[in-house]
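# Chains, contacts and geometry: an overview
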Amino acid sequence: MFELQRQHPAAALANAFDIIRANFITIIILIFVGSGGSEANFTLSWIIGTFLFLLIWGVISWYRFEFSVEEGELRIERGVLVRKKIYLTSDRIQVIDITAGVIQRLFGLVAVEVKTAGSSSKQAKISALTREKAEKLKQLLRKEVNGATKQGEQDESVQQSRIYALGTKDLLVAASTSGRFGVALSVVGVLFSQVEQLISEEQMIRFAEAVMPRTTDASIIAMWIVAIIVVSWIFSFVSTIVKYYDFVVEVREDELLINRGLFERTQLTIPFNRIQAVQIKEELLRQPLGYASLVIESAGYGESEGNSTTLFPLLRKQQIYRFIEEVIPDYNTQITENSKVPAIALRRYLLRMVWVSLPVILLVWGTVPYGVYSWFLLIPALLLGYQQYKDAEIARGEDTLKLSYRLLSKTTAIVKKYRMQACQIQQNPFQKRLNVGHFSIHVASGNQGRNFTVRDIEIDKAMDYRMWLSNGHPVDQGSSVDENEVSSL
Amino acid sequence: MRTTPSNKLSKKAIRAWRVSMSIFIFILVLALFFLWGYSLMSPESEFVSTWTLIAISVFLVIITGLIVFFVPEIRWRRWSYEVDKHEIDLQSGIFIVTRTLIPIKRVQHVDTRQGPILRSYDLADVTISTAATTHRIPALGEEVADQVRDQISTFARLAEEDV
């Protein structure tokens, strides 16, 4: 059905833009640094030259990229200098993403990304394709997965799939309380430090004096801080809106379909049986308002930073478990037992925050005027430590483990017993004295996997949970003979 | 931490670790000699003062004593492992004790590795990979290592179930 063919020629352009986007920050820095002198023409020609080069590269790589579907296998031949043949069997494919970036939208096309266990998804990306072809490709590759193909398709058309959409108001709330705030803060901070190169300090002070008659050093610093915070807030606001605009989750028979994005429409397909863990994240800014977000981990390899997908960006706290019940019912189990961190561990939580904040305080104290005030940082740090202590908890249900912990925002991870890859308990001599230890669980997600850790839980309880986790095999109890055989190693 | 896994590493592991630590220390000592030579040859240079050098040397002696003579011993004493039909149980650590549990059906692949030092002592490491983590049982006797590897892979094959 799918003979060997090339992508739509627009792929050349898309490729070039992909490279630019991947190295965006590097390019910006280069331009910033490069345009220091008066030779603006030089910079301009340099930019155009780079762009032309990328375009030519894009065309060549488009020419060298061919794909086909044969015997239920997606076959890709690609590579400009080194020729690569990638064969992906459909029963190994974990996730098929259809996205439409700016370039693709210009031509009315989509990009298809196929994620499997073992191969890097970037390599198996078909970056420009008509939507019909993409849908056909997806159908073809998914077909082999479900044995009862035609029946499944008919069911799908008959059975109405449930849809959850993010309302405008919720989108605005999500954007204004976005967790990307911190990331934006650091980026804006760096940019601001570059501003000094453009505007001289004298100009700045004169401006400040004009705006506020009685200016001191302190108020200038305060002004800077406020300015940085405001700008980064705007950044995070806009970027969240762009990312989660028109967010729709569609619940199908055996998979979830997530559609989102303003400029770049992203469509993610996640089969239920690939979900490895669910996280409820109560971000620092959202928690006081009673909001949280839901993140799921799925097992696609080849992506270095793990494979977390936002299942829903904003939910009222009361709604969360109802949402989980309706969308991923497996993960809504009755909790039968839970254990908090013992009171004796509180001092460890508090001390840890002191150790963490001390270097920052000392650094600020030593370098910045009015740095003495940085000692006040200890107060929120200790409060945070106390809150961390209060939030840490392990709970279990039938075959589910629920770990709650907080670094800045509170995370509650729900892990199925049979999804656990490894379980680890750590204890240092100080913890040994208090009979506590760290308890962590690893689940598959991307290349590295992801681990969830509850700190300073009672060691006996930790061992209990461990025992319980290892008893995940009630089927063959009577095979003690084999076990004897093993222990004779 | 309650019961510990039953199997220990090979006794020879201590000697092997001592050798590899000594090689590491030897490189540091070489660098130190170079610095001493430099500061003695050109006394007027301000690159490093003699006192700093003495401090570094003393520090190095202490470190050597610790990591060559004590650490391998403690490490060996702490290390134990157990493999059965359902899970792999590891205990390790020098200062921080770590207990690891790996369900056997989660094992993706297992292999043995052997560097030149381990080879000269007839030892090998067993590396166990899951979809999320990689674990190592270090310095087992060659035959034991092969046995453990085969054992794990047999069990993993029996416990059919994918990611």
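## What to know about the overall build of chain B
- From N to C terminus, chain B includes 4 helices and 7 strands.
- For chain B, the α and β elements follow one another from N to C terminus as β-α-α-β-β-β-β-α-β-β-α.
- A globule of 163 residues ought to have a C-alpha radius of gyration of about 15 Å, yet chain B, at 21 Å, is considerably larger.
- C-alpha extents for chain B along the principal axes are approximately 70 × 30 × 30 Å.
- Each of the 163 residues in chain B was classed as buried or not, and the buried ones make up 45%.
- Taking the intrachain contacts of chain B between residues at least 6 apart in sequence as the baseline, contacts between residues at least 24 apart amount to 52%.

## Some thoughts on the overall build of chain A
- A tally of helices and strands in chain A yields 16 helices and 21 strands.
- Burial analysis of chain A (489 residues in total) assigns 45% to the buried set.
- By sequence separation, contacts in chain A at least 24 residues apart represent 60% of the contacts at least 6 residues apart.
- Total accessible area computed for chain A in this model is approximately 26,000 Å², and 60% of it derives from carbon and sulfur atoms.

## A short note on helix α11 (residues 317-327) of chain A
Residue and element names in this part refer to chain A.
- Among the residues of α11, those classed as buried are Ile 320, Phe 323, Ile 324 and Val 327. Buried residues of α11 fall within an arc of 100 degrees about the axis and therefore sit on the same side. Along α11, exposed side chains directed more than 90 degrees from the buried face belong to Gln 318 and Arg 322.

## Some words on the sheet that holds strand β3 (residues 73-78) of chain A
Residues and elements named next belong to chain A.
- The strand order across the open sheet built from 4 strands is β1-β2-β3-β4, with neighbouring strands paired in antiparallel fashion. Of all the strands in the sheet, just β1 (2-5) and β4 (84-89) have a single pairing partner and so form its edges. Neighbour-to-neighbour, the strand axes of this sheet turn through a mean angle of 15 degrees, independent of strand direction.
- Sheet analysis places strand β2 (residues 66-70) next to β3, joined by 5 bridges and oriented antiparallel. Opposite Glu 66, over in β3, you have Glu 77 as the bridge partner.

## A closer look at the pattern of salt bridges
- Scanning the entire structure with this criterion turns up 27 salt bridges over all chains.
- A salt bridge links Arg113(B) to Asp111(B), with the shortest nitrogen-to-oxygen separation between them at 3.8 Å.
- Owing to a relative accessible area of 49%, Arg113(B) belongs among the partly exposed residues under this scheme.
- Here Asp111(B) falls in the partly exposed class, since its relative accessible area comes to 25%.
- Taken together, the shared-partner salt bridges in this structure form one network comprising Arg6(A), Glu66(A), Glu77(A) and Arg83(A).

## Here we look at the side chain of Lys125(A)
- On the secondary structure map, Lys125(A) appears in strand β7 (residues 125-130).
- The exposure class assigned to Lys125(A) is buried, which follows from its relative accessible area of 17%.

## Regarding the packing of aromatic side chains
Residues and elements named next belong to chain A.
- On inspection of all chains with the given rule, the structure shows 14 aromatic pairs over all chains.
- Ring geometry for Trp 365 versus Trp 375: centroids 5.5 Å apart, planes at 75 degrees, classification edge-to-face. In this pair, Trp 365 sits in helix α12 (residues 346-367) while Trp 375 sits in the loop between α12 and α13 (378-391), placing the two residues 10 residues apart along the sequence.
- Looking at Trp 365, the relative accessible area reads 42%, which means it is partly exposed.
- Given the relative accessible area of 32%, Trp 375 is considered partly exposed.

## Re the sheet that holds strand β7 (residues 134-141) of chain B
All names here are of chain B.
- Across the sheet, which stays open at both edges, the 3 strands sit in the order β5-β6-β7 with antiparallel pairing between neighbours. Because the sheet does not close on itself, it has two edges, and the strands there are β5 (107-113) and β7. Adjacent strand axes in the sheet meet at a mean angle of 15 degrees when their direction is disregarded.
- Here helix α4 (residues 142-158) sits on the sheet and contacts β5, β6 (123-130) and β7; the angle it forms with β5, its principal contact strand, is near 170 degrees.

## Examining the pairing of β6(B)
Residue and element names in this part refer to chain B.
- The element β6 is extensively covered by neighbouring structure, given that 8 of its 8 residues are classed as buried.
- Here β6 shows a buried face lined by Leu 123, Asp 125, Thr 127 and Ser 129 and a second buried face lined by Ala 124, Val 126, Ile 128 and Thr 130.
- Note that β5 and β6 share 6 bridges and pair antiparallel. When the bridges of β6 are listed, Val 110 appears paired with Ile 128.
- Of the strand pairs in this sheet, β6 and β7 are connected by 6 bridges, and their pairing is antiparallel.

## Brief notes about the confidence of the model for chain A
Residue and element names in this part refer to chain A.
- Per-residue confidence for chain A gives a mean pLDDT of 79; residues scoring 70 or more make up 79%.
- With pLDDT under 50 throughout, residues 145-158 is counted as low confidence; its partners more than four residues away or in other chains account for 7 contacts.
- Here residues 473-489 is a poorly scored stretch, pLDDT under 50, and it has 18 contacts once near neighbours within four places are set aside; other chains count.

## Quick word on unusual backbone geometry
Residue and element names in this part refer to chain B.
- The phi torsion at Asp 122 lies on the positive side, around 55 degrees, for a residue other than glycine.
- You can see Asp 122 is positioned in the loop between α3 (116-120) and β6.
- The residue Ala 139 is not glycine, and still its phi comes out positive at about 45 degrees.
- When you line up the elements, Ala 139 lands in strand β7.
- Using a relative accessible area of 0% as the deciding quantity, one classes Ala 139 as buried.

## So, the environment of Asn7(B)
- Looking at the secondary structure, you find Asn7(B) in strand β1 (residues 7-8).
- Linking Asn7(B) and Tyr81(B), residues 74 residues apart in sequence, is a C-alpha distance of 5.2 Å.

## Some points on the nonpolar core
- Residues Leu256(A), Leu311(A) and Ile328(A) are the most contacted members of the largest nonpolar core, which totals 33 residues.
- Non-local contacts of Leu256(A), meaning those with residues more than four positions away in its chain, are made with Val249(A), Glu250(A), Val251(A), Leu268(A), Thr269(A), Ile270(A), Phe272(A), Ile275(A), Ile296(A), Leu311(A), Val327(A) and Ile328(A).

## Some details on α4(B)
All names here are of chain B.
- Helix length check: α4 (17 residues) gives 24 Å between terminal C-alpha atoms against 24 Å at 1.5 Å per residue, within 8%.
- When α4 is considered as a whole, its buried residues turn out to be Ala 145, Val 148, Gln 151, Ile 152, Phe 155 and Ala 156. Burial along α4 is one-sided: seen end-on, the buried residues are contained in an arc of 130 degrees. Structural note: α4 exposes Glu 143, Arg 157 and Leu 158 on the side pointing more than 90 degrees away from its buried face.

## Looking at the confidence of the model for chain B
- Overall, the predicted model of chain B reaches an average pLDDT of 87, with 94% of residues at or above 70.
- Note on the complex model: pTM 0.74, ipTM 0.84.

## Focus: the packing of helix α1 (residues 12-41) of chain B against helix α2 (residues 50-78) of chain B
All names here are of chain B.
- Remark: α1 packs on α2, axes separated minimally by 9 Å, with the N-to-C direction vectors making an angle of 175 degrees. By the angle between their directions, the pair α1 and α2 is classed as roughly antiparallel.
- Tallied by class, the residues present in the contact of α1 with α2 amount to 21 nonpolar, 5 polar and 3 charged.

So, how was this worked out
- Residues numbered from 1 in each chain as written.
- Chains lettered and ligands numbered in written order.
- Predicted model: local features only at pLDDT ≥ 70, side-chain atom pairs only at ≥ 80, totals over all residues.
- Heavy atoms only, no water.
- Helix = DSSP H or I, 4+ residues; strand = E, 2+ residues; numbered from the N terminus.
- Rg over C-alpha atoms; globule rule 2.2 N^0.38 Å.
- Buried < 20%, exposed > 50% of the residue type's maximum accessible area, 1.4 Å probe, protein only.
- Contact = heavy atoms within 4.5 Å.
- Areas by Shrake-Rupley, 256 points an atom, 1.4 Å probe, with all protein chains shown as cover.
- Arc of directions from axis to C-beta.
- Pairing = 2+ DSSP bridges.
- Axes fitted to C-alpha atoms, helices over the stretch in contact; angles between N-to-C directions.
- Salt bridge = Lys/Arg side-chain N within 4 Å of Asp/Glu carboxyl O.
- Phe/Tyr/Trp six-rings, centres within 6.5 Å; stacked < 30°, edge-to-face > 60°.
- pLDDT = per-residue confidence, 0-100.
- Core = buried A, V, L, I, M, F, W, Y, C linked by side-chain atoms within 4.5 Å.
- Expected span 1.5 Å × (residues − 1).
- Parallel < 35°, antiparallel > 145°, perpendicular 65-115°, else oblique.
- Nonpolar A, V, L, I, M, F, W, Y, C, P; charged D, E, K, R; others polar.

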